[in-house]
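# Structural features, examined
Each chain, letter by letter, is given below.
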Amino acid sequence: FCTLQELMDHFHVSIATVYRDITVLIGKRKVRKVHGGVAFIDNNSDKFLINRNHYLDRLVTNREIKNIIAEKAISCISDGDTIFLDSSTTVYFLAKRLQSAAFANLTIITNSVLIIQEFTNFPPHFFLVALGGNYDVQLNAFLGQAALREAEYLKLDKSFISGIGLTENGVFTRHENHTFLLRRILELSHRNFLLIGSSKFGRA
């Protein structure tokens, strides 16, 4: 462990440089942020944090592209809509964009822990429905039979989902329970939108 001040003093650099380099090291899963500084990750004993950092790593990948996708997606949303946002990092960027949106009335349904945690940042007149279930650390989301049961009561205007790949045969994910939930959401929703970058084209 070392503090941010120790890094600044040792390398004779600004706090901005320290933050920038820490972000790179976090992305490579070499360190993790802790209160007041950073700590080395022991790859043999910190499997949970490695999995968690894999999700956080995806949050900083292709940020510019995800912001463009979010801007296009928000133009498909109307006042009064009830929308589903999945737990992908691409759809999370849409959720971030919605935090500053000017809709008078919007209901957001999600199984994403990150969107649920940040809902206090959304306009106070937005309404949240959080799907429960079994927590999946890799997707940072609730899945399983409980989430599926809750989905049956939903009336969705629009759903926004992503995936790890897209081919002529469909959209793909590595997680079976994730597939079950998203397939049912797509059936329940009046209109469905796929938010995906071109780097995932042709991947199954």
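Thresholds applied
- For every chain, the first residue of its written sequence is number 1, and the numbers climb from 1 along that sequence.
- In view of the model being predicted, local features appear only for residues whose pLDDT reaches at least 70, and side-chain atom pairs are presented and counted only at 80 or more, with totals across whole chains, interfaces and linings using the full set of residues.
- As a rule here, side-chain values come from all non-hydrogen atoms in the structure, and water together with hydrogens is ignored.
- Side-chain rings of Phe, Tyr and Trp, where Trp is taken by its six-membered ring, are said to pair if the distance between their centres is within 6.5 Å; with planes under 30 degrees apart they count as stacked, over 60 as edge-to-face, and otherwise as tilted.
- Numbering of helices and strands starts at the N terminus; helices are DSSP runs of H or I of at least 4 residues and strands are runs of E of at least 2.
- Three exposure classes are used, based on accessible area relative to the maximum for each residue type with a 1.4 Å probe and protein chains only: buried under 20%, partly exposed in between, and exposed over 50%.
- A cavity, in this analysis, means grid points on a 1 Å lattice covering only the protein atoms where a 1.4 Å probe fits yet has no way out; a pocket is instead an open set bounded by protein on both sides within 12 Å along at least five of seven lines, and a residue lines either one if it has an atom within 4 Å of a point.
- Grid points are joined across faces, edges and corners, and a volume is the space filled by probe spheres set on the points.
- Put simply, Ala, Val, Leu, Ile, Met, Phe, Trp, Tyr, Cys and Pro go in the nonpolar bin, Asp, Glu, Lys and Arg in the charged bin, and everything else, Gly too, in the polar bin.
- What a helix should span is 1.5 Å times the count of its residues minus one.
- When we speak of the arc, we mean the arc of directions from the helix axis to the C-beta atoms.
- Here a residue-residue contact requires only that any non-hydrogen atoms of the pair lie within 4.5 Å.
- In short, DSSP must find at least two bridges between two strands for them to pair.
- Think of it like this: strands point away, you trace from the first strand over the helix to the second, and a clockwise trace means the crossover is right-handed.
- Angles here are taken between N-to-C directions and fall from 0 to 180 degrees, while the axes themselves are lines fitted to C-alpha atoms, restricted in helices to the stretch in contact.

What follows is about the packing of aromatic side chains. A ring pair, where both rings are aromatic, is described by two values, the distance of the centres and the angle of the planes. Within the structure shown, the criterion is met by 5 aromatic pairs. Their ring planes at 10° and their centres at 4.9 Å tell us that Phe160 and Phe193 sit as a pair that is stacked. Of the two residues, Phe160 is situated in strand E9 (residues 156-161) and Phe193 in strand E12 (residues 189-194); the sequence distance between them amounts to 33 residues. With a relative accessible area of 14%, Phe193 lands in the buried category.

Now for the layout of surface pockets. In this structure, the largest pocket encloses a volume near 540 Å³. Around the largest pocket, the lining comprises 25 residues; the ones closest to its centre are Arg58, Thr89, Gly163, Ile164 and Lys200. Listed by contribution, the elements that provide at least two residues to the lining of the largest pocket are helix H3 (47-60), helix H4 (63-74) and helix H5 (89-98). Looking at the lining of the largest pocket residue by residue, the class counts come to 5 nonpolar, 15 polar and 5 charged.

Attention shifts here to helix H8 (residues 176-188). Given a rise of 1.5 Å per residue, 13 residues ought to cover 18 Å, and the 19 Å separating the end C-alpha atoms of H8 matches this to within 8%. Burial in H8 covers these residues: His178, Leu181, Leu182, Ile185 and Leu188. Seen from one end, H8 has its buried residues packed into an arc of 120°, which puts them on one side. H8 presents Glu176 and Glu187 as exposed residues on the side facing more than 90 degrees away from its buried surface. Close packing links the buried residues of H8 with strand E4 (82-85), strand E8 (141-143), helix H7 (145-151), E9 and E12.

With that settled, consider the environment of Phe40. In this structure, Phe40 sits in strand E3 (residues 37-40). Note on Phe40: relative accessible area 64%, which makes it exposed. C-alpha separation for the pair Phe40 and Phe1, spaced 39 residues apart in sequence, amounts to 6.4 Å. Aside from chain neighbours lying at most four places away, what touches Phe40 is Lys30, Val31 and Arg32.

Since there are 3.6 residues in each turn of an α-helix, residues three or four apart along the chain are aligned in direction. Where burial is concerned, most of H5 is hidden: 8 out of the 10 residues are buried. Inspection of H5 places Thr89, Thr90, Val91, Tyr92, Phe93, Leu94, Ala95 and Leu98 among the buried residues, and these make up the whole buried set.

Looking now at the pairing of strand E5 (residues 107-110). Along E5, one buried face is formed by Thr107 and Ile109 and the opposite face, lined by Ile108 and Thr110, is buried too. As judged from the 4 bridges shared by E4 and E5, these two strands associate in the parallel manner. Its bridge partner lying in E5, Ile83 is registered against Ile108. Note that the unit made of E4, H5 and E5 has a crossover that is right-handed. Relative to strand E6 (residues 127-130), E5 runs parallel, the two sharing 4 bridges. Each residue of the ladder has a partner; that of Thr110, found in E6, is Ala130.

For the rest of this paragraph, the subject is the sheet that holds strand E2 (residues 31-34). Spatially, 3 strands are ordered E1-E3-E2 in an open sheet, and the strand pairing comes out antiparallel. Across the chains shown, the open sheet's two edge strands, defined by having one partner strand only, are strand E1 (2-3) and E2. In the sheet, E2 pairs with E3 via 4 bridges, with the strands oriented antiparallel. Looking at E3, one finds that Val34 is bridged to Gly37. Across the sheet, helix H2 (residues 15-27) is in contact with E2 and E3; its angle to E2 comes to roughly 125°.

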